[in-house]
Amino acid sequence: MAAQAITDASSTETLCSSTDTASPEINFYTAFLAGMLFAFLLRERKEIMADDVLKGRWRQLKGEVKSRWAKLTDDDLMSVEGNFDKLVGRIQERYGYAKDEAKREVDDFLMRHPATP
């Protein structure tokens, strides 16, 4: 029984040491997936932060939003209520923009109007 445990332990060490040296393809693939995950999380964080900034400063920014996107009606602005996605959707509807283009415009607008501490 003890001899069997020693044999099992040594074969486990052999298995572990053989997987320590992964092929370059696996390392590249792992790095690629990690980079994709990081980019996704960064984009999600950016959108959450943009939504928070917009909600927190909606009263201040509403007039500037109206000036920037004059086709938005007062009803549009009331329904948006500082929600990033709703604003993007209204801009898409009124201006015929693709979603990515409308998001980019709102992001650019928020970058030019940073929150003051």
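Please read these numbers as outputs of a predicted model, since none were measured by experiment.

**A closer look at the overall build of the protein chain**
Helix and strand counts for the protein chain stand at six helices and zero strands. In sequence order, the secondary structure elements of the protein chain are arranged as α-α-α-α-α-α. Taking as baseline every contact in the protein chain between residues at least 6 positions apart, the subset at least 24 positions apart corresponds to 47%. Of the roughly 8700 Å² of accessible surface on the protein chain, a fraction of 60% belongs to carbon and sulfur atoms.

**Digging into the pattern of salt bridges**
A full pass over the atoms with the stated rule returns three salt bridges. Residue R68 is joined to E105 by a salt bridge in which the shortest nitrogen-to-oxygen separation is 2.5 Å. Taken as a pair, R68 in helix 3 (residues 58-68) and E105 in helix 6 (residues 99-112) lie far apart in primary sequence, 37 residues in all. Between R90 and D76 there is a salt bridge, and its shortest N-O distance comes to 2.9 Å. With R90 in helix 5 (residues 84-95) and D76 in helix 4 (residues 74-80), this residue pair connects regions lying 14 residues apart in the sequence. Accessibility expressed as a relative area gives 25% for R90, which makes it partly exposed. Overlapping salt bridges, with partners in common, bring together D76, R90 and R94 in one network.

**Focus: helix 6**
The terminal C-alpha atoms of helix 6 lie 20 Å apart, and with 14 residues this matches the ideal 20 Å at 1.5 Å per residue to within 8%. Taken together, the buried positions of helix 6 are A102, K103, E105, V106, D107, F109 and L110.

**Some words on helix 3**
Side chains of residues three or four places apart in an α-helix project in the same direction, reflecting 3.6 residues per turn. Of the positions making up helix 3, those classed as buried are W58, L61 and V65. Projected onto a plane normal to the axis of helix 3, the buried residues spread over an arc of 70° and lie on a single side. Within helix 3, the exposed residues directed more than 90 degrees away from the buried face are R59, Q60 and S67.

What counts and what doesn't
Residues numbered from 1 in each chain as written. Predicted model: local features only at pLDDT ≥ 70, side-chain atom pairs only at ≥ 80, totals over all residues. Heavy atoms only, no water. Helix = DSSP H or I, 4+ residues; strand = E, 2+ residues; numbered from the N terminus. Contact = heavy atoms within 4.5 Å. Areas by Shrake-Rupley, 256 points an atom, 1.4 Å probe, with all protein chains shown as cover. Salt bridge = Lys/Arg side-chain N within 4 Å of Asp/Glu carboxyl O. Buried < 20%, exposed > 50% of the residue type's maximum accessible area, 1.4 Å probe, protein only. Expected span 1.5 Å × (residues − 1). Arc of directions from axis to C-beta.

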